[in-house]
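# Close look at the chain arrangement
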Amino acid sequence: MKVLKFGGTSVGTKDSIKAVLNIVKASYERGEKPLVVFSAMEGVTNLLMQMAENSAQGISNEESLGFLQTKHFDIVKNLLPVKKQNPVLTKLKLLFNELEDLFSSVETLKELSPQSKDLILSYGERCCAYMLSKIAETYFENSMYIDARNVIKTDSNFGNASVDQRATETLISSLKQSYGHKVLFVTGFIGSNDAGRTTTLGRGGSDYTAALFASILEAKVIEIWTDVNGIHTADPRIVKKAFPLKDLSYTEAMELSYFGAKVIYPPTMIPAFTKKIPIHIKNTFEPETAGTCIQHTSGHSDLPIKGISSISEISLINLSGSGMIGETGFSGRLFALLAKAHINVILITQSSSEHSITFAISPEDAEKAMMLIEKEFELELTANKLYPPELEGDLSVLAIVGENMKRTTGVSGKLFRALGRNGVNVRAIAQGSSEYNISVIIAKKDLAKALNTVHDAFFAELTKTLNVFVVGLGNIGKTLLAQIENQYEFLLEQNNIDIKLVGLANTKKMRIDEAGIDIGSWGGELNEKGHPSDLSAFVQKMGEMNLPNCVFVDNTASPVPTTYYVDIFRNNISIVTCNKIANSASYKNYKLLKDTAKEHGVEFYYETNAGAGLPIIRVLKDLMLSGDEIVKIEAILSGTISYIFNNFQGEVSFHDVVKKAQESGFTEPDPRDDLGGVDFMRKMLILGRDAGYPLEESDVDLGAILPESCLKADSVETFYTSLLEEADYFENMKNKAEAENKVIRYIGSLENGKVKISIQYVDQSHPFYALSGSDNIISFTTKRYKDTPLVVKGPGAGAEVTAAGVFADLVNVGAR
Ligand code: ADP
Ligand code: ASP
Ligand code: MG
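Let me begin by describing the structure that accompanies this report.

About the cut-offs
For every chain, the first residue of its written sequence is number 1, and the numbers climb from 1 along that sequence. Just so you know, chain letters begin at A and ligand numbers begin at 1, following the order they were written in. Under the rules for a predicted model, residues below a pLDDT of 70 receive no local features and side-chain atom pairs below 80 are neither given nor counted, while totals for whole chains, interfaces and linings still include all residues. Side-chain figures throughout are based on the complete set of non-hydrogen atoms in the structure, without hydrogens or water. Two strands pair if DSSP finds at least two bridges between them. A run of H or I in DSSP becomes a helix once it reaches four residues, and a run of E becomes a strand once it reaches two; helices and strands are each numbered from the N terminus. Only the contacting stretch of a helix is used when fitting its axis, a line to C-alpha atoms as for every element, and angles between N-to-C directions run 0 to 180 degrees. Contact between two residues is taken to exist if any of their heavy atoms lie within 4.5 Å; hydrogens are not considered. The near set for a molecule or strand comprises every residue that places at least one heavy atom within 4 Å of it. Definition of a polar contact: a pair of N or O atoms within 3.5 Å, with one able to donate and the other able to accept a hydrogen when the atoms are protein atoms, and with sequence-neighbouring residues admitted only if both atoms are side-chain atoms. Only the protein chains shown count as cover for residues, and all accessible areas are computed by the Shrake-Rupley method using a 1.4 Å probe. Any residue that is not Ala, Val, Leu, Ile, Met, Phe, Trp, Tyr, Cys, Pro, Asp, Glu, Lys or Arg is counted as polar, Gly included; the first ten are nonpolar and the last four charged. Here a cavity means grid points, on a 1 Å grid over the protein atoms only, where a 1.4 Å probe fits yet cannot get out; a pocket means an open set of points with protein on both sides within 12 Å along at least five of seven lines; lining residues are those with an atom within 4 Å of a point. Grid points are joined across faces, edges and corners, and a volume is the space filled by probe spheres set on the points.

With that out of the way, let us pick up the sheet that holds strand β4 (residues 183-187). Across the sheet, which stays open at both edges, the eight strands sit in the order β3-β4-β2-β1-β7-β9-β10-β8 with mixed pairing between neighbours. This sheet does not close on itself; its edge strands, each paired only once, are β3 (143-146) and β8 (247-249). Each strand axis lies, on average, 20° off the axis of its neighbour in the sheet, ignoring direction. Here five bridges tie strand β1 (residues 2-6) to strand β2 (residues 34-38), and the two strands are oriented parallel to one another. From the neighbouring strand, L4 faces β2, where its bridge partner is V36. Contacts from helix α1 (residues 14-29) reach β1, β2, β4 and β7 (221-226), with the element oriented near 175° to β1.

Okay, the site of ligand 2 next. Every residue lining ligand 2 is accounted for by S39, T45, E125, F189, R203, G204, G205 and S206. A distance of 3.1 Å separates an oxygen atom of ligand 2 from a polar atom in the side chain of S39. One of the backbone nitrogen or oxygen atoms of G204 is found 2.8 Å away from an oxygen atom of ligand 2. For ligand 2, whose unbound accessible area comes to 260 Å², protein coverage reaches 86%. Its residues assigned to classes, the shell around ligand 2 shows one nonpolar, five polar and two charged.

Right, let's talk about the site of ligand 1 for a bit. Taken together, the neighbourhood of ligand 1 is formed by 17 residues, with T9, T226, D227, H232 and R237 sitting nearest. A distance of 3.0 Å separates an oxygen atom of ligand 1 from a polar backbone atom of G8. Between ligand 1 and T226, the relevant distance is 2.8 Å, taken from an oxygen atom to a side-chain nitrogen or oxygen of the residue.

This paragraph deals with the layout of surface pockets. Estimated volume of the second largest pocket: approximately 1,300 Å³. At the level of secondary structure, the elements contributing two or more residues to the lining of the second largest pocket comprise α15 (475-495), α18 (559-562), α23 (639-647), α25 (672-675), α26 (678-690) and α30 (799-815). Per element, the largest residue contribution to the lining of the second largest pocket is four residues, and it comes from α26. Residues that form the lining of the second largest pocket fall into these classes: 17 nonpolar, 23 polar and nine charged.

In structure tokens form, the structure reads like this:
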């Protein structure tokens with residue numbers, strides 16, 4: 001025989017109930033002799049609990065009662081033929097009337113005992129199993145409703161009763177003898193004590209009911225039917241990349257579910273374990289999928305852990321004081337005290353000095369525990385041998401679980417690295433002596449982020465999701481998004497990097513969507529669903545979302561986003577930018593950015609601050625990291641100026657070359673922004689700082705290309721006129737170059753910590769002589785590259801190459 005159990009998630013709607021009955025029918029027809037255990041309909045236990053508490057406070061439940069009744073009646077009316085409905089509706093109505101009476105008694109007494117609460121909760125399972133047994137008659141003959149209170153005997157610990165094995169065994173065996181030929185539809189979760197009062201087996205207890213029946217009746221297997229494809233590597237509602245596990249040992253399943261994986265209720269494992277009955281976790285909505293099989297031994301796996309589990313809300317109590325040192329029996333006294341009050345201790349850590357002991361409990365038990373401790377240790381407290389106990393809330397536990405942990409080194413290192421890099425502070429650590437589990441206590445607000453990063457870290461062959469926020473949607477921003485779209489599949493398949501666009505903003509509109517913005521239609525989405533832009537709100541939201549592996553991409557040339565960089569780093573978010581403003585402002589600011597990023601373990605990549613996509617900053621960084629010393633850097637880092645001087649030859653005038661450069665999109669809207677040399681100066685400043693010099697703008701010796709009058713012009717138009725007026729000045733430069741067989745170059749240099757940018761006339765022997773179009777070139781003379789400098793050369797301007805550089809930085813963040 002087989003025991004099937006259907007959870008609330010499987011009996012929420014008429015369609016799911018149809019699916020359930022088809023599964024039972026198929027099993028029956030295969031001759032598996034199923035016995036079926038049911039939970040209450042989805043959400044009903046929680047609602048009944050809420051209603052009971054309302055009554056105790058004198059709040060009426062009329063509306064909720066109506067809702068509950070309709071919820072059940074609708075199922076009957078939809079799934080039973082009209083002529084069969086009446087007796088079922090009448091019986092249900094009777095049950096709801098009883099329930100109404102119960103609520104009004106509680107309301108009158110204004111008191112809700114655990115005993116009354118259990119009785120109230122039992123209606124959820126009773127209505128559901130009864131109703132389904134009747135609907136099942138239209139699927140196959142022989143279904144029969146069983147109220148488990150008649151066969152499961154328990155003690156009187158209402159709310160979490162323990163089963164009297166012997167009495168229950170006798171009753172269940174005789175039930176089976178009398179009705180062995182029927183398909184029994186049994187209520188989960190409930191039992192009764194000696195005096196026949198209704199008890200419950202703890203939240204999620206229907207699984208336990210199933211396991212009890214299975215062990216007593218020696219079932220071949222227990223099937224737990226729910227709404228997911230088995231036990232996942234982590235809670236699939238929080239970790240989207242969690243995947244179902246094929247096999248788990250009882251111990252692993254116990255460790256995983258003890259800490260929260262709701263799918264299965266931990267005590268379930270005990271009866272199954274002792275009788276070695278396998279437990280299959282299956283999905284009612286995808287019955288063909290294999291699901292998870294829990295049995296004696298765990299299936300082979302190369303991964304160091306099986307899964308990650310968590311409890312989202314716990315409280316910590318810390319006890320410390322000299323009175324604890326060497327005091328045998330102290331912790332015995334403490335934990336006996338808690339056990340007697342039925343307070344479940346989730347985990348314990350004790351410092352090696354024995355000076356303090358910290359333990360985690362459920363927040364509902366916190367106040368009671370504090371009170372009990374203060375009473376029990378009154379003497380020690382007054383004698384100052386013990387400090388007053390400290391209570392801390394808003395915490396969560398995250399635990400990694402797996403039998404392989406015992407055989408693998410570096411597991412905890414990996415865990416802590418993943419948490420540290422994402423700024424998750426660990427409050428306490430506990431490792432079970434079994435070594436099947438390492439638990440950490442963290443702030444509740446960090447839980448979702450922590451689960452996701454730890455999942456990424458341990459299931460490394462899986463994809464890593466980069467949560468990306470893009471600011472600036474001009475030329476570069478647009479091109480970047482197009483490049484990401486084109487490369488998306490490649491990155492996913494080859495590099496296991498999944499780029500998820502979570503936020504977008506330009507000066508007009510912004511949009512943030514945690515589910516991800518479709519990269520193919522971001523423009524439409526921003527227009528239709530975007531809000532008016534507010535960068536401060538954008539940055540704040542980014543922090544609040546607390547997502548793992550976040551990157552902020554600044555594609556603007558505006559100072560505004562740069563004012564948020566430090567805050568962004570403090571939220572453990574990496575930054576990738578082509579914006580030079582932050583790095584070229586004061587040295588103090590540059591240093592603060594670097595230090596903050598480092599302190600928070602996040603990346604700050606700005607390769608495109610010099611030479612667009614050319615690897616310049618990266619090369620410099622690698623040289624420095626490998627212990628090389630920069631002797632001299634020489635560079636042409638303005639694509640615009642390169643273009644202008646490369647074309648200023650022969651008959652053409654300087655005016656015409658600048659005009660053409662502007663028309664071809666090689667200049668800023670005001671060409672003086674390029675020709676004034678400020679942009680070049682910023683690049684040299686950044687390189688100089690990266691080479692280790694604390695340079696300020698005033699340290700740069702910036703030689704002019706243009707005569708005074710051109711720089712002073714009050715508009716772009718008059719600027720062009722001034723170029724015509726100064727034609728002789730430029731012709732002289734050109735003639736001088738041609739006479740000497742040289743070319744004009746605007747070259748930046750860094751030597752002995754001094755930065756100079758100036759016009760130079762260079763001949764064929766100079767490495768910068770042959771430079772075409774808008775190319776950039778940089779040569780590094782270092783201790784190692786002394787005789788022949790290391791030269792990087794190539795296109796150093798344009799949206800396409802700049803966006804490609806930003807993209808490369810982004811991928812580098814992902815690869816870290
Ligand atoms: P049922 O009503 O079937 O008893 P539960 O709510 O008790 O269902 O458990 C199923 C839910 O448990 C799933 O919907 C899933 O969201 C959640 N869950 C939490 N952790 C895990 C995990 N590690 N694997 C699978 N499901 C999990
Ligand atoms: N209905 C009960 C609960 O919600 C028991 C169960 O679902 O297993 O806790
Ligand atoms: Mg459950």
